[in-house]
Each structure stands twice: as structure tokens, then as C-alpha cells.
Amino acid sequence: MAGHTLVIVESPAKAKKIQSFLGSGYQVLASFGHVRDLPGKAAEVPKAVKGEPWANLGVNTEKDFEPLYIVSADKKKRVTELKEAMKGAKELLIATDEDREGESIGWHLIQLLKPKVPVKRMVFSEITKDAIQKAVGQTRALDTDLVEAQETRRILDRLYGYTLSPLLWKKISSGLSAGRVQSVAVRMLTEREMERLAFRSSEYWDLAARLSKAGDEISIESTLTEAAGKSVASGRDFDESTGRLKPTADVTHLDETEATRIADVLKRGASWSVKSVEERQSTRKPYPPFTTSTLQQEANRKLGMTARRTMQTAQRLYEDGHITYMRTDSVNLSGEATTAARDTVKKRYGDKFLSPSPRKFKGKSKGAQEAHEAIRPAGTKMKTAKELGLAGAEGKLYDLIWKRTVACQMAEARFTFQTVLIDAAPTGGDKATPLTFRATGKRIDFPGFLRAYVEGSDDPAEALDDQDSLLPALMEGDVLALIGTEGPNPEAVKHETKPPARYTEASLVKRLEAEGIGRPSTYASILSTIQDRGYAEKQGNQLVPTFTALAVNRLLERNFPNLVDYQFTAQMENQLDEIADGKGQRLPYLERFYKGEEGLDRQVKSKEESIDPRDACTLRLDNVTPDVRVGRYGPYFEAELDGQKFTASLPADVAPADLNDELAEKLIEEKRRGPQSLGVHPEEGLEMYVKSGPYGPYVQLGEATDERPKPKRSSIPKFLDPEKITAEEAAALLALPRRLGHHSEDGLVVKVGVGPYGPYVLHNKKYGNFDKKTHTFEHEGKSYNVFNVTLPVAEAMLKQSKKRAAPDPLKDLGEHPKDGKPVQIFEGKYGPYVKHGKINATLPKDADPKNVSMDEAVRLIAEKEAKGGGKRGGRKKAAKKTTAKKKAAPKRKKAAAK
């Protein structure tokens, strides 16, 4: 294509969309992300510098921190294609994303392509026809300050990770990693866990009374707030970190005995009257439109989406032209977006729901270096997800963005809050202290923006219904009475202080942003890394730090406190922002960070010898007497009894904050006693033992020997006490799985057994599970377990079990040309993939699932199949080949010697 304008973007999806807007005079191609980077492994280091001491680091620390850039093997073909496309082009437009990363990709492209024609930077925040055609006419020069800031960030992260990670491998365990923001995030998780470990729950009591006014059917739910002339202790009077009553709290701390006594006195007779009535009006403003971090937080809270999946989904919405750029710190809306949102409010909700004037929002982020508009629906039409034909994850996320954008231009919500104080005076001869109860109510006078968007709720209308809690019309002096004479009214109510909540992905992102650590575009990868590296595990939606995380954080805090200091890390972000703004210099900053008196290189070299690996892997936790050691096969207790050292593995599901001396004593005593024999198996003639492992107690048949290295084992269900299990029960467990018979509908076998997740029944690849907590199943008034479950009961279990709905494919490509089986694209935990039979082939990082062709899919499937992916025995075959090569190697050496 001679005389054309070459436009380069990152992804094929963007290229295809933009090409359709620009026409035949333009050729739009994708770079597939970064075209070059620092070497990721030793094999990628060029031969010319392999002997240099800095080669594996990829940064020449002796020559102004000059980065060593290489084009990876999978990008060489693409670079060649782009160079070919440059021939005959009259102009080059760099149209990568409008952020530091995009600016950096553009700079690398220019360095590799070396164009001899004019080069311009084309920027846009949405992929619509108007936006793209406008961007073509308003190009600018490449921003070298942004490029330098991104390069400094990349070098900084490389220096940090490649200098500290090897230290962690030596001192704690291989495969670990340290990261500038990642390590600080791990510190946040471990600090919260230690707060939970130190926390001691306190009990406090109050009273609840249900009252009514004569002739009024509305129930008044009230709570005791004052007794003995003092406020009754409530949650706010207890220290959040320790769970104990604050020393300064001048309150009446009721226990169960006193609370029950007062309730009994009031039941025998009391006069109830309204002491005071207070009403106050309040308003609430709408939330600003989404930034990257607030979108990640809300998608996690409302939709249960991880930060990684949120960004992947948002990327597809952006590339399909449905939303504006999704990496942004800004809460600003363009004039046309504000107008579009206000028009939508008028049309859908009416003028009274529209804010009197256009709302403008100001962000709190100091260094908003990303795109200059909030995340919103693209264009000026503000179409809904249904109108765009969006479904699944994309439809849900778009709907969230649409609601938030429209709501930000709506009127404030107005409320009336009611507070009623009620005197309760016991009658009769009992001279109990006068008591004061409080009742509160809330009325939504005008929903305003809540009609469209309620934070944390999927259904605004349903949420509004839940928020109204009206009290009847009351006046001072009104007489009230207890409702009913049956049941506990008033009722003594127990409360317990709760430890600080563990972080979720949403709350961790919020904390990182509040501390000024990291940037929105990095949060998804940070959250993924700390889980992939074994620093945190998910329990529900909570991020639970592992014992490895505790050991790594302890080593870093003790030896390199600056590197995990919140203020120091936030300061690093500010310095990078200054470089991006042209106010800071790259070289002096890197010199100080790496080579200065307190520089990273000097710190690691000076402290490496003094760090004892055994000490680094030993955790001495508050309120837990034995040491916890982080070992090769997991964490374990280590203690000395009668001069002898004992170790006991920790159960896999125990979090650091859940440790206590009771658990430690139990596990160590079990280990000290050794496996307990239950007797000889009636058929096998071998001893049966009760043992405890990382996944809980189990029975084992015989000891491990050379002939029988893996003795038969079976987990002990929760309905059995491991300390009281009988030989008959052990033999029955070792006989599992057992056949119950043939299913009444299809004649296929039904089995019962115990697996890693507890007891189950199995029929035609479908599982019926027993209760998770009790490992039993209730049916027609009887309780069943793995020993006495019958075929009819098993069939009832299978009917009740939740059948996993097959996920809908993102795209159905049709039948495979060779075997005719369907080829489909699905969304997986780690991104989109192609599925063909048992083969699952992950799509390249920058590939758009909707644009993948059958030819591309067949190629990916063939490559995966060639590697043994998805086929049983693939790894074994590969292992045999490797062994064969090793055996053949000495022969080749001998031949060479001859």
C-alpha cells in the first residue's frame, strides 16, 4: 500500500475497529503490546554481554543505568512485518494507549522501525468514529518525559526485584519474589493478620425491647442505652486493635447476669414513655464516576470479579468501543459526556431527578498520570448494556459503569433521620435504676441518584425498599407498651467484639491508593502476583496471608525497613511523577536508590552474610508458645519436650491468626505419641493407624515400606472423633469408595467415598455432597453418613446437589476441520482460552477473543497438543524422552573423547 499512513496500536481488536473508521488511506496494524523489553531469562541475554556482571540484571549499573533491551523470539516476526509495512508509508502515527505505558511502547516502536517519514503521536480516550477522526487531526509529538518516567519505573522495579528475590531464594525458599509495590502489599496483609492474632474478643450485653403506641401497628425496636446514670457499653467503647474496653470509657459494662436481671425486672412490670423525639434532615451527594481503582473495588464487591478479570473485561469493552480508556486516575467527565448523562437522566427518570447544574468532580490522586477522563460509556448516546447487546461479564461490568456515570449527574438524595429516647421505670416494689432505651428510624424523602445507583447493591429499587425503617408519629410524653407477653421481650442480647477484618481485593486496592502506593494500572498484576507466589490465599473473598508471607515480610522489615515503608514507597511514586512532569531527573534518582550510602546494592551485600536462613524461616508469634517454622513442605510447629525436639505439620486450612497454644499442644502431643494403632485389618492383616496431616486426620493401612511406599489412606469425616474412632470404623473407611448399586433412572453405578473435600456420592461424573460442616445428610427426618447412606438417599442427594451450569462460550468457531468436534472460546480464571475436546489452549495476552479465527485457534490447539497439553501421559512421555537423553549423553561424551 504505497503512499498510505501507517497507524500502529497495541492490539488486533483496536486495529480492526480503528481501520473501519479511517478507511483505505490508512493501514492500521497491531504491535501486540510491547515489542521489546529487558531480558526475562538468562537465555535471552545477547552473547556480546553474557560475561558482564550486570547481564542477568538487564541494566548496566556502571553506565548510567543503561537498560539492555531485547526483542523476544515471539515478537521478532511482528517487528519484521511492521518494518515491511513502513516501506512506502508517507507517515507514521503512533496510536498506543494514552498513558506512560502506551507512550513507552510508541518510543520503542520508533527506535526499532527507524522511520524516515514524519512521526506523530495520535491520542484518544475512546474508540468511536468521532473520537478517532478527531484524534487524526489533532496529533502531537511523543512525550519524552512520560517515556523517561516509564523507563525509570521499569528499571527501578527490575533493580528491586532482581536484587532482593535471589536473597529470598537463599534464605527462605526458591520461587519467591520481592517487588517494590508487591512487598508493601504483603506487609499490609501480614500486619492485619498479626492484629487479628493479638486480638482478644470481649463480651458485652444490652437489652432489646419491642414496643408500640396504643392504636398504632408499627413496631418500635429499641435498645438499652443508659443504666445507672451512665451509657451502656457498646462496640465503639472497645479498642479496635485489642478488643478490650478502652481505659477512658466511662460506661456501664453489662454482663449476662446483670442484663438478664434487668430484663426480668422489666417483664414483671414497667412504665414506658417517650422522653424526647428528634428529627434531622440529611442529604447525600452522588459518587464520582469510576477511576480504575474504584471500578476494581466495586466490581469485586458487587460482581465478585477479581481485579485481573475486571481489567480484562474492561479492556474488551474499551477495544469494542463501548467505554472510554480504563486505566485512569481522573474523575473528570468531558463536556459531551456530562451533557449525554444529563439527557439520559431527563429521558429515563424525569427533570426532578436531574441535578440543578452540571456536576464536576475533583480527584484526590496527586499524580494522575493516566488518561484524562473517568471511565464512562463511550460516545454521546449513553446506550444501556441491553441496547448494545452485551451479556455475561461484559454486560454486568458495562451496566455498573453506565449506572455510575448517569447517577453522577443526578440530584442529591434526601433523608429524614428519627431518634427517640424512651424512659423505662420498673413498677411494683423493685427499685431498679431508671433505664433509657433508644429507637431510630429513617425515611427516604427523595431518592435522587439512588434511583439509579446504590453502592454495593445490584438492584437500586430493592436497596431503596430496604433503607426505609419508619417509626410511628411520636411526641414527648406518649405512653408505650411492650408488644406481647410471650417470648423474650425485653431480651438480653449478647455482643462480641470482632477482630479487624482481613483485606479483600477491594479493600486492599483502596488502602494502597489511600497510601499513594502503586498506580491503578498496576493493582491487578500486584494482586495476582501475591497470590501466584504463595503470599496470600483466598478464603471466600478474604486475602489470607500465608506463613511464607510472614517470614518474607519479617526478613524485609528487619533488614530493609525502608523498602517496605509506606511513606518511602509513596515517595518513590511521587518522584516518578516528577520525572513524568519534567521536574525530576532519572539518573540522580537511580544512583541514590541503588548505589548511595543506604542504596539497595550496598544494603543487600552488607546484610546477606548476617541473615541466618534458619532464623529467617522461624516465626515467633505473640500468644503462641512454640515456634512456627516455614519448611520445604509447608509450615510446622517446633517444640522441645523432655529434652527432645518434636515437629508437627500445621493443617493446610489454618490461618496464622487462628493459631493458639491449645492447637499447638494437641498437634505436638499427637506427634510425640506417634501413630495410634487401632488394631489389625480383618482382611489385610496389617495394622491400622490414626494419623494427622496438613489436610486433617486420616486412617492408614500399614506402614510405608519399599514394597508399599504409598499405603492406603482415607480421611476421617467430621462426624467421627479421631480420638475415639474404632477399628471397625477405620476398616469401613479404608474400604471406601464402595458401590451402593445402580441408579434407578439410567442403571449406572452409584458410589460413596471420601475425597479431599469430604464425603460424597458419585454417579455419572456428578457429585452429591454431604453437609460441609457435619459430613452428614438429613433426609426424611433421619441423618445419614458414608457408612449408612442407602441408594435411595444417595439419589436424593444427587437431585439436591447444585449442578454446575456449563459456562457460555465467548465465541463458537464451529467444527474442527480434522475431527469435527466443536472449537469454542471461553473465559477462564487466567484469561480467555480455546477449547477443543480435552485441549485448552490459552490465547495470547493481546489477542481479542472475538476476533480469533478458526485458523488461529487450530494452530494454538496444535501447539498445545504438541507439548502434551490436555492429554494424559503427556508429561510422562516428555519425562521418558528426557531420561533417554540423559542416558545417551555419556555415550556421546565418550565418542567425542575418542
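Described in the following lines is the structure provided in the data block. Residue numbers restart at each chain and count upward from 1, following the sequence in its written direction. The predicted nature of this model means local features are confined to residues of pLDDT at least 70 and side-chain atom pairs, given and counted, to a pLDDT of 80 or more, with totals for whole chains, interfaces and linings taken over all residues. Note that the side-chain values use all heavy atoms of the structure and ignore hydrogens as well as water.

### Details of the pattern of salt bridges
Two side chains of opposite charge can pair, provided their charged atoms sit close to one another.
Reasoning step 1: Only one rule defines a salt bridge in this text: a Lys or Arg side-chain nitrogen within 4 Å of an Asp or Glu carboxyl oxygen. One pass over the structure, following the stated rule, counts 49 salt bridges.
Reasoning step 2: For the salt bridge of D157 with R180, the shortest nitrogen-to-oxygen distance reads 2.6 Å. Residue D157 is located in helix 5 (residues 144–171), and its partner R180 is located in the loop between helix 5 and helix 6 (182–198); the two are separated by 23 residues in the primary sequence.
Reasoning step 3: Remark: exposure states derive from per-residue accessible area (1.4 Å probe, protein chains only) relative to the maximum for the residue type, with buried under 20%, exposed over 50%, and partly exposed in between. Look at R180 and you get buried, because its relative accessible area is 4%.
Reasoning step 4: A salt bridge links R376 to E373, with the nearest nitrogen and oxygen atoms 2.5 Å apart.
Reasoning step 5: Connected through salt bridges with shared partners, the residues R554, R558, D615, R620 and D627 form a single ionic network. Put simply, DSSP H or I for four residues or longer makes a helix, DSSP E for two residues or longer makes a strand, and each gets a number counted from the N terminus.

### So, the sheet that holds strand 1 (residues 5–9)
Pairing between the strands of a sheet comes from backbone hydrogen bonds, and it takes one of two forms, parallel or antiparallel.
Reasoning step 1: Two strands pair under a simple rule: DSSP has to find at least two bridges between them. As summarised here, the arrangement of the four strands in space is 2-1-5-6, forming an open sheet in which the pairing is parallel. Only two strands of the sheet have a single partner each, and these edge strands are strand 2 (26–30) and strand 6 (119–121). Shown here is a sheet whose adjacent strand axes are inclined to one another by a mean of 25°, direction ignored.
Reasoning step 2: Contact between two residues is taken to exist if any of their heavy atoms lie within 4.5 Å; hydrogens are not considered. Note on geometry: axes are lines fitted to C-alpha atoms, helical ones only across the stretch in contact, with angles between N-to-C directions running from 0 to 180 degrees. Contacting strand 1 and strand 2, helix 1 (residues 12–22) crosses the sheet at an angle of about 170° to strand 2.

### Overview of the pairing of strand 18 (residues 627–631)
Reasoning step 1: Where strand 17 (residues 618–619) lies against strand 18, two bridges are found, and the strand directions are antiparallel. Its bridge partner being in strand 18, T618 is matched across the sheet by R629.
Reasoning step 2: Where strand 18 meets strand 19 (residues 634–641), five bridges bridge the pair, whose relative direction is antiparallel. Looking at strand 19, one finds that V628 is bridged to F637.
Reasoning step 3: Taking the residues that link successive antiparallel strands as the turn, the strand 18-strand 19 hairpin has two residues.

### Considerations on the side chain of Q296
Reasoning step 1: Topologically, Q296 is positioned in helix 8 (residues 292–303).
Reasoning step 2: On the accessibility criterion, Q296 (3% relative accessible area) is buried.
Reasoning step 3: Leaving out residues up to four positions away in the same chain, Q296 has contacts with A307, T310, M311, V509, P520, Y523 and A524.

### Topic: unusual backbone geometry
Reasoning step 1: Between N489 and P490 the backbone carries a cis peptide bond, its omega angle lying at 0°.
Reasoning step 2: Among the structural elements, P490 can be located in the loop between strand 13 (479–482) and strand 14 (491–496).
Reasoning step 3: At the junction of L736 and P737, the peptide bond is cis and its omega measures out at -5° in the coordinates.
Reasoning step 4: Of note, P737 is situated in the loop between helix 22 (727–734) and strand 25 (738–742).
Reasoning step 5: Unlike most non-glycine residues, K114 shows phi in positive territory, near 45°.
Reasoning step 6: Judged by its relative accessible area of 58%, K114 falls in the exposed class.

### Here we look at empty space enclosed by the protein
Reasoning step 1: For cavity detection a 1 Å grid was placed over the protein atoms alone, and a set of points counts as a cavity when a 1.4 Å probe fits there but cannot get out; an open set counts as a pocket when protein lies on both sides within 12 Å along at least five of seven lines, with lining residues being those that have an atom within 4 Å of a point. Grid points are joined across faces, edges and corners, and a volume is the space filled by probe spheres set on the points. Throughout the structure, instances matching the rule amount to one cavity of 30 Å³ or more.
Reasoning step 2: Of the volumes computed, that of the largest cavity is approximately 40 Å³.
Reasoning step 3: Gly counts as polar in this scheme, as do all residues outside two lists: the nonpolar Ala, Val, Leu, Ile, Met, Phe, Trp, Tyr, Cys and Pro, and the charged Asp, Glu, Lys and Arg. Counted by class, the lining of the largest cavity contains six nonpolar, four polar and no charged residues.

### Considerations on the sheet that holds strand 24 (residues 713–715)
Reasoning step 1: Sheet architecture is open: four strands sit in the order 21-22-23-24, paired in antiparallel fashion. Looking along the sheet, the strands with just one partner apiece sit at the ends: strand 21 (676–680) and strand 24. Strand-to-strand twist across the sheet, computed as the mean angle between neighbouring axes with direction ignored, equals 25°.
Reasoning step 2: Two strands pair when backbone bridges link them, and strand 21 and strand 22 (residues 687–693) are joined in this way by four bridges, in the antiparallel orientation. Following the sheet pairing, G679 is matched in strand 22 by M688.

### Brief notes about the nonpolar core
Reasoning step 1: To qualify as a nonpolar core, a set must consist of buried Ala, Val, Leu, Ile, Met, Phe, Trp, Tyr and Cys residues joined through side-chain atoms within 4.5 Å. If you look at the biggest cluster of nonpolar residues, it comprises 129 residues, and the most contacted ones within it are L164 and L508.
Reasoning step 2: If one sorts the elements of this core by residue count, helix 12 (residues 392–407) sits on top with eight residues.
Reasoning step 3: Look past the residues within four positions of L508 in its chain and what remains in contact with it is A185, M188, L189, Y503, L527, I530 and L543.
Reasoning step 4: If you look at the next biggest cluster of nonpolar residues, it comprises 26 residues, including V699, L701, L720 and L736.

### Considering the packing of aromatic side chains
Reasoning step 1: Stacked, tilted and edge-to-face are the three classes applied to pairs of Phe, Tyr and Trp rings, where Trp contributes its six-membered ring and a pair requires centres within 6.5 Å; stacked means planes under 30 degrees apart, edge-to-face means over 60, and tilted covers the rest. Considering all chains together, one arrives at 13 aromatic pairs under this definition.
Reasoning step 2: On the numbers, 5.8 Å between centres and 85° between planes, the contact of F719 with F787 is edge-to-face. Within this pair, whereas F719 is found in the loop between strand 24 and helix 22, its partner F787 is found in the loop between strand 30 (782–784) and helix 23 (791–800), the two being separated by 68 residues in sequence.
Reasoning step 3: Residue classification places F787 among the partly exposed positions, given a relative accessible area of 26%.
Reasoning step 4: Through pairs of rings, three or more aromatic residues link up here, namely Y287, F449 and Y453.
Reasoning step 5: Above the plane of the ring of Y566 lies R187, whose end atom (NZ or CZ) is 4.3 Å from the centre.
Reasoning step 6: Here, a charge over a ring is recorded when the distance from Lys NZ or Arg CZ to the ring centre is within 6 Å and its angle to the ring normal is within 35 degrees. Taking NZ or CZ as reference, K302 lies 4.0 Å from the ring centre of Y453, over its face.

### Examining helix 14 (residues 505–515)
Reasoning step 1: Among the residues making up helix 14, those that are buried are E505, A506, L508, V509 and L512. Along the long axis of helix 14, the arc covered by the buried residues comes to 165°, so they all point the same way. Along helix 14, exposed side chains directed more than 90 degrees from the buried face belong to K510 and A514.
Reasoning step 2: Buried residues in helix 14 make contact with helix 6, helix 8, helix 9 (307–319), helix 15 (520–532), strand 15 (536–539) and strand 16 (542–545).
Reasoning step 3: Of the residues flanking the end of helix 14, it is G516, one or two places downstream, whose phi is positive at about 75°. This arc is taken over the directions from the axis of the helix to the C-beta atoms.

### Structural notes on the packing of helix 6 against helix 15
The packing of two helices is summarised by the inter-axis angle and the distance between the axes.
Reasoning step 1: Running from N to C, helix 6 and helix 15 cross one another at 65°; their axes reach a closest spacing of 10 Å. One finds that helix 6 runs roughly perpendicular with respect to helix 15. Helix 15 is crossed by helix 6, and the crossing has right-handed handedness. For the pair helix 6 and helix 15, the contacting residues are Q182, A185, V186 and L189 in the first and I526, T529 and I530 in the second.
Reasoning step 2: The class makeup of the residues in the contact of helix 6 with helix 15 is five nonpolar, two polar and no charged. For classification, angles of less than 35 degrees are called roughly parallel, those exceeding 145 degrees roughly antiparallel, those between 65 and 115 degrees roughly perpendicular, and all remaining angles oblique. Here is the rule for handedness: rotate from the far helix to the near one, and if that takes an anticlockwise turn smaller than a right angle the crossing is left-handed, while a clockwise turn gives right-handed.

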